[in-house]
Amino acid sequence: QFGHKSLAIVFIIGLITFLLWASNRMGGNFQFYLVVAKVSALIGICLLSLTIFLSLRLHFMESLFGGLDKVYKAHHLIGQITMIVILLHPVFLIIRVFPNWILISTYLVPGLNIPYTYGIVSFFLLVILLIFTLVIKLPYKIWHLTHKFMGIVLILATWHALVAGRDVIQYPIVRAWVLMFVLVGILSYLYMMFFYQLIGPRFNAEVKDVRTRGDITEIKFKTLKKKMNFHPGQFVFIKFLNLKKSFEIFPFSISSSNSEELIRISAKKSGDFTSYNLPKTNVGDKVYLYGPYGKFGEKYLFEKKDMLWVAGGIGVTPFLSMLKYEDLSKNNKIDFIWSCKDEKDVIYDKEIK
């Protein structure tokens with residue numbers, strides 16, 4: 001679902017960008033290598049802006065792709081395509097002038113030509129960031145830090161296009177089209193970097209109960225001022241204000257029902273934060289809940305079909321929320337399989353039964 005829609009969006013943006021550029025070049029001299037180099041740069045900037053936009057956690061994007069997890073997969077896929085498209089720009093510029101090593105060095109070596117330097121730095125920075133994302137498995141904290149440079153890549157690439165790309169300067173329609181994407185991308189970058197935690201879908205909450213059950217830390221929250229309405233199967237991002245890593249937010253599935261007074265999460269000790277920091281949470285601690293997000297439980301909510309539910313280990317949490325959903329009009333037959341590696345992890349057996 002997310003793959004087909006992602007490819008369709010990429011194709012439409014690429015086609016429109018090419019047609020806008022070609023319509024302004026009618027009657028001009030079309031050199032294949034030059035056409036690919038110029039158009040790939042314009043399309044690449046548009047797609048890079050789109051990739052940043054997809055990180056916004058917007059609910060209408062969830063509906064389009066079928067859940068925030070699918071939006072992130074689309075973000076990942078379009079990011080890979082963006083890398084390939086942008087790579088075409090310097091490759092075809094080099095092929096076009098080969099073996100003129102003076103021009104080739106201008107395209108590859110920073111500092112020889114200032115307008116080109118913006119593009120060179122932007123390209124190499126993008127390559128490094130995508131290698132960290134796609135090839136090297138980094139700890140989450142470092143990976144998240146590298147993504148904060150993506151907006152700088154977009155700004156440098158746009159400035160390169162404005163000062164070195166004559167087509168963007170000469171053709172108002174092309175310039176307006178590209179700058180529209182750039183504006184959306186930069187605003188998206190600034191929003192996620194500086195404003196999401198301030199003005200995003202935030203609920204103030206307080207910790208009311210903390211329990212350690214084997215390798216599971218179970219925490220219950222009570223929202224303050226206003227109630228958070230969520231569907232079973234959804235999740236939230238949580239910022240723990242009293243913990244050392246309070247500057248980060250972490251996603252957790254909700255394992256309670258919307259009809260209950262308290263919101264419950266259950267986290268297994270599997271990483272640095274969940275193993276060492278989360279268990280230090282105390283009753284009375286203040287937190288921010290962002291959300292809710294996710295479409296995981298929608299089929300259960302809106303389709304009267306027999307279903308098979310399969311959960312592994314701590315993956316049971318969204319199903320706990322769904323099991324507590326009461327709708328007398330529903331008469332689904334549900335077969336539920338929950339598998340755990342160790343018997344001590346089967347802590348919700350009685351609750352499920």
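Residues numbered from 1 in each chain as written. Predicted model: local features only at pLDDT ≥ 70, side-chain atom pairs only at ≥ 80, totals over all residues. Heavy atoms only, no water.

A. Representation of the overall build of the chain in the model. When helices and strands are counted, the chain shows 14 helices and eight strands. In terms of overall dimensions, the chain has C-alpha extents of about 75 × 45 × 40 Å along its principal axes. Counting across all 353 residues of the chain, residues that qualify as buried make up 44%. If you take every contact in the chain between residues at least 6 apart in sequence, the share linking residues at least 24 apart comes to 70%. Only carbon and sulfur atoms are counted for the fraction: they give 64% of the accessible area of the chain, which is about 18,800 Å². (Helix = DSSP H or I, 4+ residues; strand = E, 2+ residues; numbered from the N terminus. Buried < 20%, exposed > 50% of the residue type's maximum accessible area, 1.4 Å probe, protein only. Contact = heavy atoms within 4.5 Å. Areas by Shrake-Rupley, 256 points an atom, 1.4 Å probe, with all protein chains shown as cover.)

B. Looking closely at the packing of helix α1 (residues 2–24) against helix α4 (residues 68–97). It is at 9 Å that the axes of α1 and α4 come closest, and there the two elements cross at 45°. Overall, the two elements α1 and α4 adopt an arrangement that is oblique. Considering how the two elements wind past one another, α1 and α4 form a crossing that is right-handed. Here F2, G3, S6, L7 and V10 of α1 come into contact with α4, specifically with K70, K73, A74, L77, I78 and I81. In the contact of α1 with α4, the residues fall into seven nonpolar, two polar and two charged. (Axes fitted to C-alpha atoms, helices over the stretch in contact; angles between N-to-C directions. Parallel < 35°, antiparallel > 145°, perpendicular 65-115°, else oblique. Left-handed = near helix turned anticlockwise from the far one by under 90°. Nonpolar A, V, L, I, M, F, W, Y, C, P; charged D, E, K, R; others polar.)

C. Highlighting the side chain of T223. Among the structural elements, T223 can be located in strand β2 (residues 216–223). Given the relative accessible area of 15%, T223 is considered buried. Within polar-contact distance, the side chain of T223 engages the backbone oxygen of K226 at 3.2 Å. Beyond its immediate chain neighbours, meaning those up to four positions away, T223 contacts F203, N204, A205, M228, I263 and L289. (Polar contact = N/O pair within 3.5 Å; in protein donor to acceptor, adjacent residues only side chain to side chain.)

D. Structural view of the packing of aromatic side chains. Here the structure, examined in full by the defined rule, presents 24 aromatic pairs. With centroids separated by 6.3 Å and ring planes inclined at 50°, the aromatic side chains of F221 and F240 adopt a geometry described as tilted. With F221 in strand β2 and F240 in strand β3 (residues 235–240), this pair connects stretches of sequence that are 19 residues apart. For F221, a relative accessible area of 1% gives the class buried. Take F240: its relative accessible area is 3%, and that puts it in the buried class. Relative to Y290, the ring of Y288 lies with its centre 6.4 Å away and its plane at 85°, an arrangement referred to as edge-to-face. For Y290, a relative accessible area of 0% corresponds to the buried category. (Phe/Tyr/Trp six-rings, centres within 6.5 Å; stacked < 30°, edge-to-face > 60°.)

E. Broad picture of the nonpolar core. In terms of nonpolar packing, the biggest core is built from 51 residues, with I45, L47, L50, L54, L126, V178 and F237 touching the most fellow members. Residue contributions to this core peak at 11 residues, all from helix α2 (residues 32–53). Other than its neighbours up to four places away in sequence, L126 contacts L48, M83, I86, M150 and V153. (Core = buried A, V, L, I, M, F, W, Y, C linked by side-chain atoms within 4.5 Å.)

F. The arrangement of the pairing of β3 in detail. Counting buried positions along β3 yields six of six residues, so the element is predominantly enclosed. On β3, burial covers both faces: F235, F237 and K239 on one face and V236, I238 and F240 on the other are all buried. Sheet analysis places β3 next to strand β4 (residues 250–253), joined by four bridges and oriented antiparallel. Across the sheet, the residue bridging to F235 is S253, located in β4. In the sheet, β3 pairs with strand β6 (residues 286–293) via five bridges, with the strands oriented antiparallel. Opposite I238, over in β6, you have L289 as the bridge partner. (Pairing = 2+ DSSP bridges.)

G. Structural context of the pairing of β2. Along β2, six of the eight residues are buried, which leaves the element largely enclosed by surrounding structure. Both strand β1 (residues 202–213) and β2 contribute to a ladder of eight bridges, which runs antiparallel. Bridging from a neighbouring strand, R211 pairs with E218 of β2.

H. Main features of a nonpolar patch on the surface. Side chains of L183, L187, L190, M193, F194, F195, L198 and I199 sit close together on the surface and give an oily, nonpolar patch of about 770 Å² of accessible area. Structurally, I199 is set in helix α10 (residues 172–199). (Patch = residues over 30% accessible without salt bridge, like charges linked within 9 Å, V, L, I, M, F, W, Y side chains within 5 Å. Salt bridge = Lys/Arg side-chain N within 4 Å of Asp/Glu carboxyl O.)

I. Up close: the pattern of salt bridges. Throughout the structure, instances matching the rule amount to 17 salt bridges. Taken together, the shared-partner salt bridges in this structure form one network comprising R213, E218, E260, R264, K324 and E351.

J. Summary view of helix α8 (residues 150–164). Its 15 residues place the ends of α8 21 Å apart at the C-alpha level, agreeing with the 21 Å of an ideal helix rising 1.5 Å per residue. Within α8 the residues assigned to the buried category are M150, G151, V153, L154, L156, A157, T158, H160 and A161. (Expected span 1.5 Å × (residues − 1).)

K. Focus on the packing of α2 against α8. In contact at an axis separation of 10 Å, α2 and α8 are set at 155° when each is read in the N-to-C sense. By the criterion of interaxial angle, the relationship of α2 to α8 is roughly antiparallel. α8 is crossed by α2, and the crossing has left-handed handedness. Contact residues: α2 offers I45, L48, S49 and I52, while α8 offers M150, G151, V153, L154, A157, T158 and A161.

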